[in-house]
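Structural description and commentary
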Amino acid sequence: RRADRQGERGRGQGGGIPHGNRPRPQQIALNSRIAACRDPTEVFEEVVKAGEINVRLNSVNLATALHRVAKTAQGRGPFQNLQQDPVYLSLLRMVEKGLLPNSGEFNPREIANTAWGIAKAGGTSPSTFKALAEGSAHRTLAGFKPQELANTVWAFATAITGTSGQERLLLATSVDQMLTLAENEIVQRRAYHNADTEGGLADFKPQELSNTIWAFSTVGRHDSGVYAAVVEEMKRRNLPDFVPQDLANSVWAIVTAGHACPELLAQVQEDALKRGIASFKTQEIANMVWALAKADHPIHPLLASVASDVRKRKLAAFQPQELSNIVWAFATQAFKAESLLDVVEEELLRRGLTAFKSQEIANTAWAFAKLGHTAEALFQTMEDEILGNRDLEAFVPQELANMLWSFAKLDHGSETVFQELSGEMLRRGLSTFKTQELSNAVWAHATNGHAYPGLFLAVETEALRRGINAFTPQDLANMVWAFGKADHVAALLFESLQREFEIIGQTDRGLSTFKPQELSNILWACAKTQHSAKCHFNKLEASARGVFTHAQGDAEDFSGRDDTTSVVLEVDKELFRYARTGRAAELMFEAVEEELLRRDLSVFNTQHLANIAWAFVFLKFSRFHKLSLSGTRLLVAVSLASDSRVNEFAIEELRQLGQVVLATRKRAAREMGFAKKVNEALRRYHLDMDAPESSIFHQEVSSVLRALGVPHHNEVKVFEGVYHIDVVVGKGTPTDPKGHIAIEVDGPTHFCAGSEEPNPHTALKRWLLRREGYRVISVPFFDWRTLQSEAVRRAYVEHRLTEIGWDMARMELDESTSPLQPTVL
């Protein structure tokens, strides 16, 4: 069988033209003239002259003409629309005729040169490529030399790239036919090859191997056996034989098709470092680092070399896609090269973003955000580009979600750009968005605080339609965290999630697939959602009482009013919904709690530990329960895991632990063990820290107190800096709760969205201040903004002080009637 195929290859390579079709002297002379032409016009003139003297162009003439047109037309403006030229079209028709069965023309070399010439010139003629594919099938590819085979598949892949609609559909069949033939041929050659015989892929040059797999990868034939054959051949050879372009294109194609081989990728990195990045062109650098990063292959040494090299080059030489792919690779590998990012930002600001495609803008934004590289000017330029110059329809779903995520991650972006990007998502409908894109979108809004209730409701509805199982643990955790952060009570979703957790809990693996961050985010979301549900419940309960009060005041009228009854029934239904949500959140919390008790908490990072402890304390406080036995065990486990790492906690994490200590330890117990370590760390952090700057609202309240002659202190640091009290009223040391009133000046951020109920942090702070002995007054923004005159404000403040026990005559707190204080959890 091997001998048969070698004979078949020999027949195809030599003497393949029947005697009757041998070139005549006029055709040989014509071919020489065509080969000497300096531009397509000269080629076309030779073709026209040949027709005038009745010289028929044979397959050699046609292949040479099309090859020469492609060679001489590159970069020349007048020849960019060759497919409209009548002479060029006549050449294509002659090719199609010459490829018919039994024509006796077009050997493998001529087929390859013809296909290459058409594709290189930007041609996409479906009928010609169909004829080339069928002609190749009729002749078989056994007679194709490696270069002819590689050039042919390269041409077919190039032709279909960039086409669309009907033209693409027509080309697709021919491309599929040609690549199927090529795959079968290459796989067979590999099978027949061994170390003692020629053939197989050993006679393919590096460029031919590279062009072949580039073609297969570009058209999306990712399950082909060609990749294994080429990877095997590349590993067998010395990579220095590959020029940088072939090396970069090969690794790009292999990784894009999902056939990454760690051993080969390591060889590629080692070879690139040996030969030096300076030997690679801009596109080759971009393709190589993109591919290696995409394969999740560790390449920090290579990236360091790339960063050093790129900074030395003129970035104006890089195409938008190349810059985008390079920074994307650095971000994917979590390799932060500040100086590289700085010069890339500078270059993008210099040239502007007009020439950048939506994908390139989105990938660049994602890379900068992923690396945490603040680039305010660049992101402002991106925002201006999106709002002023871009049609958002050009952004695919992933790009819209990535832009939102990137703006939020770097705390940039106006409410307008968030509304525009999310509005585009809603206009399209969310069915085409992946679960990660849905969770990233709501995460971005929740993080940046740009409310968009319509998006949250749409994501909740879409999540319910797909089912909880459609989401990865990370996407699920991010989504429920965002709902909690934005005070969006997703009642049905939480119930569905709670049921799913119940089912998962009964399996052998349980919640073991959830990472620490995912568990801590879900815990936090449960606590926050339970509180938000309670806020809405209280608000609706007050509304219901108002309806009944109104109805009872006019009993005769009430008996016949269906509208009042329907309002009561609707409010009752909503009350039940929020009650169910709170219960579902608590049950979910308990499921996560049980999983955490099975985990080794020493592997959790400090943020996870702080969030777990805070969420647990807050949920139990919010529900007015004491800690359960499992809750006590969990807090003990968190304390043990944190005890030796207290100095690793960031300031916000320490403040969370401080709140946990306040909520769970009596005063005497705070100066021993873990609690003492937390307090000492807080003390060190806050030693030289300035007090926060008071808001205008705060200053107005303080001004009224001064006018009334009430002694007070502003921005009082208490509990080792866990909290600052806005105003402490009373004489003596303000950090001593005895005889003092804590006034909290509460702006909109202190309340649940659309409610007058305090949010979790505010509610817990008030509770802890009362527990420590302060009398607490909240001056909410919605009260203050109704007080139009100084006299009215004074009366309001005086009333609030006296009702809690302040004696305006003696200017001190009357502690004879002390309100009940909350107990320790």
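Here, every reference points to the structure presented above.
This write-up is about the structure you can find in this document. Note that the structure is a prediction, hence the values are computed from the model and not measured.

On the secondary structure map, Arg189 appears in helix α9 (residues 165-192). The class of Arg189 is buried, set by a relative accessible area of 4%. Here Phe144 takes part through its backbone oxygen, which lies 2.6 Å from a polar atom of the side chain of Arg189.

All right, on to the packing of aromatic side chains then. Note on aromatic pairs: each is described by the distance of the centres and the angle between the planes. Per the counting criterion, the structure on display carries 19 aromatic pairs. Three or more aromatic residues joined by ring pairs form one cluster here, namely Trp405, Trp443, Trp481 and Trp524.

Before going further, it helps to spend a moment on the nonpolar core. Generally speaking, a soluble globular protein has its nonpolar side chains buried in company with each other. Counting residues in each nonpolar core, the largest one holds 218 residues, and the members touching the most others are Met288, Phe330 and Met403. The residues touching Met288, leaving out its near neighbours within four places in the chain, are Ala248, Val251, Val268, Ala272, Ile277, Phe280 and Leu302. Within the second largest apolar cluster, 23 residues are counted, among which are Leu708, Val745, Trp784 and Tyr796.

Before going further, it helps to spend a moment on the pairing of strand β4 (residues 775-780). Of all the 6 residues making up β4, 6 are buried; the element is thus mostly covered by neighbouring parts of the structure. Burial along β4 is two-sided: Arg775, Ile777 and Val779 and Val776, Ser778 and Pro780, pointing in opposite directions, are all buried. Pairing of strand β3 (residues 741-746) with β4, which is carried by 6 bridges, proceeds in the parallel orientation. Counterpart to Ile743 in the pairing with β4 is Ile777. Note that the unit made of β3, helix α34 (residues 760-772) and β4 has a crossover that is right-handed.

For the rest of this paragraph, the subject is α34. The end-to-end C-alpha distance of α34, which contains 13 residues, comes to 18 Å, matching closely the 18 Å that a straight helix rising 1.5 Å per residue would cover. In terms of burial, α34 is a largely internal element, 11 of the 13 residues being buried. All buried positions along α34 are accounted for by Pro760, Thr762, Ala763, Leu764, Lys765, Arg766, Trp767, Leu768, Leu769, Arg771 and Glu772. In the stretch just after α34, Gly773 is the one whose phi turns positive, near 120 degrees.

Before going further, it helps to examine helix α3 (residues 40-52). For the α-helix, the turn length of 3.6 residues means that residues three or four positions removed from each other point alike. For α3, which comprises 13 residues, the first-to-last C-alpha distance of 19 Å matches the rise-based estimate of 18 Å (1.5 Å per residue) to within 8%. All of the buried residues in α3 are Pro40, Glu42, Val43, Phe44, Glu46, Val47 and Ala50. In this structure, the buried residues of α3 make contact with α2 (25-35), α4 (59-73) and α5 (86-98). The backbone nitrogen of Thr41 has a side-chain oxygen 2.9 Å away, supplied by the residue at the start of α3, namely Asp39. Note on α3: the residue one or two positions beyond its end, Asn54, has a positive phi of about 60 degrees.

It is worth spelling out the environment of Asn521 at this point. With respect to the helices and strands, Asn521 occurs in helix α26 (residues 516-553). With 91 residues separating them in the primary sequence, Asn521 and Ile612 have C-alpha atoms 8.3 Å apart. The contact partners of Asn521, leaving out residues within four places of it in the chain, are Ala477, Asn478 and Trp481.

The next point concerns unusual backbone geometry. Generally, phi is negative for residues other than glycine and the peptide bonds are trans, each holding for most cases. A positive phi angle, close to 50 degrees, is found at Glu715, a residue other than glycine. Tracing the chain through its elements places Glu715 in strand β1 (residues 712-718).

Rules and cut-offs
Residues numbered from 1 in each chain as written. Predicted model: local features only at pLDDT ≥ 70, side-chain atom pairs only at ≥ 80, totals over all residues. Heavy atoms only, no water. Helix = DSSP H or I, 4+ residues; strand = E, 2+ residues; numbered from the N terminus. Buried < 20%, exposed > 50% of the residue type's maximum accessible area, 1.4 Å probe, protein only. Polar contact = N/O pair within 3.5 Å; in protein donor to acceptor, adjacent residues only side chain to side chain. Phe/Tyr/Trp six-rings, centres within 6.5 Å; stacked < 30°, edge-to-face > 60°. Core = buried A, V, L, I, M, F, W, Y, C linked by side-chain atoms within 4.5 Å. Contact = heavy atoms within 4.5 Å. Pairing = 2+ DSSP bridges. Right-handed = clockwise from strand over helix to strand, strands pointing away. Expected span 1.5 Å × (residues − 1).

All quantities given are derived from atomic positions and should not be read as evidence of function.
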